[in-house]
Amino acid sequence: MSLYADYLNEIDTRKTEGLNPKPIEDGALVKEIVSQIKDLGNEHREDSLKFFIYNTLPGTTSAAGEKAKFLKEIVLGSSVVEEIPPRFAFELLSHMKGGPSVEVLLDLALGDNPSIARDAAEVLKTQVFLYEVDTDRLKTAYSDGNKIARDILESYAKAEFFTNLPDIDEEIKVVTYIAAEGDISTDLLSPGNQAHSRSDRELHGKCLISPEAQAEIRALQEQHPDKVVMLIAEKGTMGVGSSRMSGVNNVALWTGKQASPYVPFVNFAPIVAGTNGISPIFLTTVGVTGGIGIDLKNWVKKLDEDGNPILNNDGNPVLEQKYSVETGTVLTINTKDKKLYNEAGDEELVEVSSSFTPQKLEFIKAGGSYAIVFGKKLQSVACETLGIELKSAFAPSKEISHEGQGLTAVEKIFNKNAVGVKEGTVLHAGSDVRVKVNIVGSQDTTGLMTSQELEAMAATVLSPTVDGAYQSGCHTASVWDLKAQANTPKLMSFMHRFGLITARDPKGVYHSMTDVIHKVLNDITVDDWAIIIGGDSHTRMSKGVAFGADSGTVALALATGEATMPVPESVKVTFKGSMADHMDFRDVVHATQAQMLKQFGDNVFQGRIIEVHIGTLLADQAFTFTDWTAEMKAKASICISEPEVLIESLEIAKSRIQIMIDKGMDNDNQMLQGLIDIADKRIAEIRSGDKPALAPDTNARYFAEVVVDLDQIDEPMIADPDVNNADVSKRYTHDTIRPISYYRAEKKVDLGFVGSCMVHKGDVKIVAQMLRNLESSHGSVEFKAPLVVAAPTYNIIDELKEEGDWAVLQKYSGFEFDDSSPKHVARTEYENVLYLERPGCNLCMGNQEKAAKGDTVLATSTRLFKGRVVEDASDKKGESLLASTPVVVLSAILGRTPTVEEYKTAVEGIDLTKFAPPLQKPAATRSAHF
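Residues numbered from 1 in each chain as written. Predicted model: local features only at pLDDT ≥ 70, side-chain atom pairs only at ≥ 80, totals over all residues. Heavy atoms only, no water.

Trainee: Can you help me understand the overall build of the protein in this one?
Mentor: Helix and strand counts for the protein come out as 31 helices and 33 strands. For a compact globule of 930 residues, the expected C-alpha radius of gyration is about 30 Å, and the protein comes in at 28 Å, within 12% of that figure. Across its three principal directions, the C-alpha atoms of the protein cover 90 × 70 × 65 Å. Counting all 930 residues of the protein, 61% fall into the buried class. For the protein, restricting intrachain contacts to residue pairs at least 6 apart in sequence, the fraction spanning at least 24 positions comes to 73%. (Helix = DSSP H or I, 4+ residues; strand = E, 2+ residues; numbered from the N terminus. Rg over C-alpha atoms; globule rule 2.2 N^0.38 Å. Buried < 20%, exposed > 50% of the residue type's maximum accessible area, 1.4 Å probe, protein only. Contact = heavy atoms within 4.5 Å.)

Trainee: Before we go on, may I ask you to explain the side chain of Ser-246 in this structure?
Mentor: Mapped onto the fold, Ser-246 is located in helix 14 (residues 245–255). There is a polar contact of 3.4 Å between the side chain of Ser-246 and the side chain of Arg-198. For Ser-246, the contacting residues outside a window of four places in its chain are Ser-190, Arg-198, His-204 and Met-449. (Polar contact = N/O pair within 3.5 Å; in protein donor to acceptor, adjacent residues only side chain to side chain.)

Trainee: Whenever I open this one, helix 18 (residues 409–417) confuses me. Can you help?
Mentor: For the α-helix, the turn length of 3.6 residues means that residues three or four positions removed from each other point alike. For helix 18, the buried fraction is high: 7 of the 9 residues fall into the buried class. The complete set of buried residues in helix 18 reads Ala-409, Val-410, Glu-411, Lys-412, Ile-413, Phe-414 and Asn-417.

Trainee: In this structure, what is going on with the sheet that holds strand 17 (residues 468–471)? I would like to understand it.
Mentor: Backbone-to-backbone hydrogen bonds join strands into a sheet, with any given pair of strands oriented parallel or antiparallel. Within the open sheet, the 5 strands sit side by side as 18-17-16-19-20. Their pairing is parallel. Two strands in the sheet have a free side with no partner beyond their single neighbour: strand 18 (501–502) and strand 20 (545–548). The pairing of strand 17 with strand 18 spans 2 bridges and is parallel. Considered in strand 18, the bridge of Gln-471 is made with Thr-502. (Pairing = 2+ DSSP bridges.)

Trainee: Any chance you could explain the pairing of strand 5 (residues 257–260) here in plain terms?
Mentor: In the case of a regular strand, side chains alternate between the two sheet surfaces. Where strand 5 and strand 6 (residues 263–268) come together, 3 bridges link them in antiparallel fashion. Opposite Ser-260, over in strand 6, you have Val-263 as the bridge partner.

Trainee: Quick question: what am I supposed to make of the nonpolar core here?
Mentor: For soluble globular proteins, the rule of thumb is that nonpolar side chains tend to be buried together. By size, the foremost hydrophobic cluster in this structure holds 195 residues, and its most contacted members are Phe-52, Ile-84, Met-457, Tyr-470 and Leu-787. Considering every element that reaches this core, the biggest residue donor is helix 17 (residues 369–386), with 9 residues. Listed in part, the 48 residues of the second largest apolar core include Ala-591, Phe-753, Ala-851 and Ala-859. (Core = buried A, V, L, I, M, F, W, Y, C linked by side-chain atoms within 4.5 Å.)

Trainee: Help me understand the environment of Asn-773 in this model?
Mentor: Residue placement: Asn-773 occurs in helix 27 (residues 761–778). Distance in space between the C-alpha atoms of Asn-773 and Ile-910 is 8.5 Å, their sequence separation being 137 residues. Apart from the residues within four sequence positions on either side, Asn-773 is in contact with Ala-906, Glu-908 and Ile-910.

Trainee: Even after reading the chapter, I still don't get the confidence of the model for the protein, so can you show me in this structure?
Mentor: Predicted coordinates in areas of low pLDDT are best not read in detail. Summing up the model confidence of the protein, the mean pLDDT is 93 and the portion of residues at 70 or higher is 98%. Scored below 50 in pLDDT, residues 921–930 makes 27 contacts in the model with residues more than four places away or belonging to other chains. (pLDDT = per-residue confidence, 0-100.)

Trainee: Hey, could you run me through unusual backbone geometry in this one?
Mentor: Negative phi characterises most residues that are not glycine, and trans characterises most peptide bonds. A positive phi angle is found at Lys-297, which is not glycine, with a value near 50°. Within the element layout of this structure, Lys-297 appears in the loop between strand 8 (292–295) and strand 9 (299–301). For Gln-670, which is not glycine, the phi torsion reads 50° and is therefore positive. Examined against the element boundaries, Gln-670 turns out to sit in the loop between helix 25 (643–662) and helix 26 (671–688). Under the relative-accessibility criterion, Gln-670 is labelled exposed at 52%.

Trainee: Help me out: how do you make sense of the packing of aromatic side chains in this one?
Mentor: The way to describe two aromatic rings as a pair is by their centre distance and the angle between their planes. This structure, assessed with the given rule, holds 18 aromatic pairs. For the ring pair Phe-162 and Phe-394, a centre distance of 4.9 Å and an interplane angle of 35° mean the geometry is tilted. Of this pair, Phe-162 sits in helix 10 (residues 160–163) while Phe-394 sits in the loop between helix 17 and helix 18, and the two are 232 residues apart along the sequence. Taken as a pair, Phe-162 and Phe-394 share a single burial class, namely buried. Here the aromatic rings of Phe-414 and Phe-547 are separated by 6.1 Å at their centres, their planes lie at 85°, and the arrangement is edge-to-face. In this pair, Phe-414 is assigned in helix 18 and Phe-547 in strand 20, connecting sequence segments 133 residues apart. Each member of the pair, Phe-414 together with Phe-547, is buried. A network of ring pairs unites the aromatic residues Phe-575, Phe-585, Phe-625 and Phe-915 as a single cluster. (Phe/Tyr/Trp six-rings, centres within 6.5 Å; stacked < 30°, edge-to-face > 60°.)

Trainee: Where do I start with the packing of helix 27 against helix 28 (residues 794–803) in this structure?
Mentor: The angle between the axes and the distance between the axes are what describe a pair of packed helices. Between helix 27 and helix 28, the least distance of the axes is 10 Å, while the angle of their chain directions is 40°. With respect to each other, helix 27 and helix 28 are oriented oblique. As helix 27 packs across helix 28, the resulting crossing turns out to be right-handed. Packed against helix 27, whose contacting residues are Lys-761, Val-764 and Lys-765, the element helix 28 presents Ile-796, Glu-799, Leu-800 and Glu-803 at the interface. Residue composition of the contact of helix 27 with helix 28, by class: 3 nonpolar, no polar and 4 charged. (Axes fitted to C-alpha atoms, helices over the stretch in contact; angles between N-to-C directions. Parallel < 35°, antiparallel > 145°, perpendicular 65-115°, else oblique. Left-handed = near helix turned anticlockwise from the far one by under 90°. Nonpolar A, V, L, I, M, F, W, Y, C, P; charged D, E, K, R; others polar.)

Trainee: Quick question: what am I supposed to make of the sheet that holds strand 24 (residues 636–641) here?
Mentor: Ordered by their spatial adjacency, 4 strands build an open sheet running 24-23-22-25, and the pairing between neighbours is parallel. Of all strands in the sheet, those with a lone pairing partner are strand 24 and strand 25 (704–709), marking the two edges. With direction set aside, neighbouring strand axes in the sheet form an average angle of 25°. For strand 22 (residues 570–576) and strand 23 (residues 609–615), the ladder comprises 4 bridges, and the chain directions are parallel. Looking at strand 23, one finds that Ser-570 is bridged to Ile-609.

Trainee: Help me understand the pairing of strand 1 (residues 171–181), please; the structure alone is not making it clear to me.
Mentor: Two elements, strand 1 and strand 11 (residues 330–334), share 5 bridges in a ladder whose sense is antiparallel. Residue pairing across strands places Val-175 opposite Val-330, the latter belonging to strand 11. Across 7 bridges, the pairing between strand 1 and strand 3 (residues 228–234) is parallel. Within the sheet, the bridge partner assigned to Val-174 lies in strand 3 and is Val-228.

Trainee: So what exactly am I meant to see when it comes to helix 5 (residues 86–94) here?
Mentor: Looking only at helix 5, the buried set comprises Phe-88, Ala-89, Phe-90, Leu-92 and Leu-93. Residues of helix 5 that are buried make contact with helix 3 (45–54), helix 4 (62–76), helix 6 (100–109) and helix 7 (114–124).

The following block contains the structure:
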C-alpha cells in the first residue's frame, strides 16, 4: 500500500475523532503527492494539491525539502502547474520559514535568470531564519560583485524584514473569559496526562480547560467577531507551575490568529491575564508566540482607617474588587497609552506598561520572539559584510547600572555571560540583555515540540558555544506504552543527530537512562557561574542559575547558544538557629515559604531570584531547596556555597559524568569529557583563588531579605492543597503549610509516594532505615496504604545495592521495575505494599501513572495541582499533600498522618538530611547521603 493510501486511512480515522488531516512532515509522502499533482488525470490530484499547499509542514522537515524542490521546478518552468503559477510558488516559499526554502530562494536569487533573481530577492528580504551556510553564500556572491546579493544584504542591514512589518494596532478590543478562579496551573491549559499528543496541535488543543469551556469561548467569538478573547485567572496568577509551550499553543489555537494560511493549527498572538499577573516563565512563552500578558490588579486588599489590611477569620487579607472582568466583559487595551480601559475607552482601569516594554512590542509586531533574535543577528551580519556601521532597528538592550552599588549573585552571572554589551558596562537588576547559555536540557514530553521548533527555525545542529545539552527520557519512564514507543525513539533520534547527549541511544548501544532530567542537569552543570535553560519549570540547579523555559526557548538556546531576558531582582534568604534532631531538611524548605509569608504578608519570591545562602549542603541536598522554588513562584534560585562544599559537589558531578561516559553516552564531539575538563578548571580556579566561588558583593541591593529561624521548626510540615477552602482562590496553592499536629493523626492517607526530582540518595536510604527500625521493634512491617518509591537515577540504585539498602526495599516490595520487561500499561489499582518503580518522574508528572480518583496522596513531590497526581472522584476530591520522606513513609505504614510522638519514635537514630547555617556546620551533614 502506498504512503498516500496510508495517509487517507489515517484521515478517515481522524474524522471519527472530529479531527482534520494531520499536517505532513514526511518527505516521501510529499514526493508521492507531487507525482500525483504532475499526473493531470490522477483521481487524487485535487486533494493532493490541497495537501501540498495547505498541509505540508515548513522548516527543515523532509516534507519541506520536497515541497521547496517542487516549487523551484515551478519557478524555473521545468514543471507547470496551472493552480500554482510562479508568483504563487514564491508566496508559498515565503511561508516556509527557512532551511530548504531559503536554499532554494538563494539558488534562484543568485541564478542566471535576472527576472527570477529579482523576484527571489524580494522574498528573501522578508526572511529571517538564515544560518551561516546561507549568509556565507550571500557573502561570497557579494564579494564576487553580484548586485542581487548586495541588494539583499543592504535590505538586511536596514532590517527591512522587521521595519516593513505593519505596526501593531493602537487599540485592541478584548472580551473576557474567566478560565478559573485562583492560580491557573498550566495543567488546565495543557494537562500533563495528555502530554503524548502535544506535537499534534489540533488533537492536543481539544484538552484546553474542558469541552464546555471551548464551547463557551466559541460562543463569545461568534457574539464578538471583531474582538479577541482574553483568558483570565480571576483572583490568581495565570500559568503557574510551568512554562509549557503547549499551554500557550492551545490558548492561541482557540483565541489567537493563524500564523500562515498554508500551515494548519499554528496560531499566535494569544492574550492572557491574571489578577496577580502572569507567572514569569509562562510569560516568556507568551512572548515566544507574540502574545500579550496583562496584570489586571482588579482585586486589591481592603484597608482599615490606618492603612493596614483587614484580615478575615483565617488571617488572610480581605479583597475588594476595583473593576469587573466577568466573562463577556468588553475591554480596550491601548498599546500606545499602555493602559487598560473600559469598552468605550473613556475610563482607565489599570496601567499595563509592563506588558508593552520596547522588547515586548517588538515580539508582538514580529509575531514572536524568534524573529527578533534571528533578525538582530542577521542585521549585524549584513552590516559587517557590507562594512557599514550598524544602526540597529531594534530596541537597544536595556542597561541599568547604579554607581557604587554591588552585585547580587544573579547580577554577577549575567554580567559574566552578557553578549553584545560594551566592555566595562556593569548591569544591575532591570537590565534586559542577551546572555550566553552554558547548559540546555530538553525533556521528553515537550521534546517533540522542541524538535518541531528547531525544524521551524531551520536549525540542524547544536550551537558550538553550548557546553552541555541533554535530552531526557524521565517524563515517560513509567509506562512503555504505544504512545511512548512511537514518540520516544523518534525524539531521541532527532536530538542525537542534532548533537545532544540522549537518555536513549537510537542505535541501542547503551542501556536506556530514564534518570530525572533535573538530576542529570544538576550533575552536568559544572560551573557555579553558568546559565542553564531547560524545558521544565523545575530546571532549578544548585550550581549556577537555571531557568525553566518553554520548548521554543529551549530550541532557541540549542540553536543559537543564547537567550534574551531581563536581569531579575533578588531576595536574599539566610538562616539562623539550629535544626532539631528529628527534623528533615524538607521541613526547612517548607518553613522558608511559611516564614516568608508571615514576615511579608505577600509572596516576595514571586518573579524574583531566591539567593539562598545554604553553604553547607552539597548539590544534591541543596537541590531540594532550589527545586521547590518553582512552587514558591520564584523565577529561579541560586545557592551560595562554601568553597570546599562547592569543590566536593563538582567532584561528585565529575564522577557521575564519568559514569555516563563509561556507559557509552558521550557523543562524537566528546561533550561529556569537555564538561569534566570544565569542572577540573573550575576546581583549580577556586583552590588557587583566581576565581572564587560565586558570592554576592557585601553592598549588593536586594528587593527583600528573609531570615529563616531554624529554632521555630519543631515538627514536620505538610503543604496542603486545601481543596475544600471556601475561597476558591486559596485552593491548590503552595502557600498553605501546616504542621502535622494540625491533622490530629486523623487524616487518612490512601497512597504514599517517595520520588520525583525532590528526593536524593539520602531519601531512599531513609526509607530503608525506617523499615529496618520498624522491623527491629515490631518484628515486621505492614503497610496500611501503598507506598510508591521511584529513585531519581540508576546511579542511586546501584549505590543502594552496594550498600545493602536496596535489599531491604526489595524484601517489602510487591513490585520491582524490570527494564528488560517494562510496564506497557499504567497501574490502575494498588495493593498495600511497597512498589519499586523505574527511575523517573512517575506520579509527579501525572501523564502515565496516577493514584486512584479521589485518593488522598502524601508525596515528596512538588505538585499539588488539581488533577496532576490524583483526579477527583464523583464523591470526593483528590488531594496531593507534600511532605518529607519520613512523614510519607510513616503515613503509608499507618494509613494516616502520624502524631508528632509517633514520628519522633519512627525516626529516632535515623540519619535525616541535616542542615545548619555555614558558621554552625554540623559534623554529620554529609554522612549517609552520597
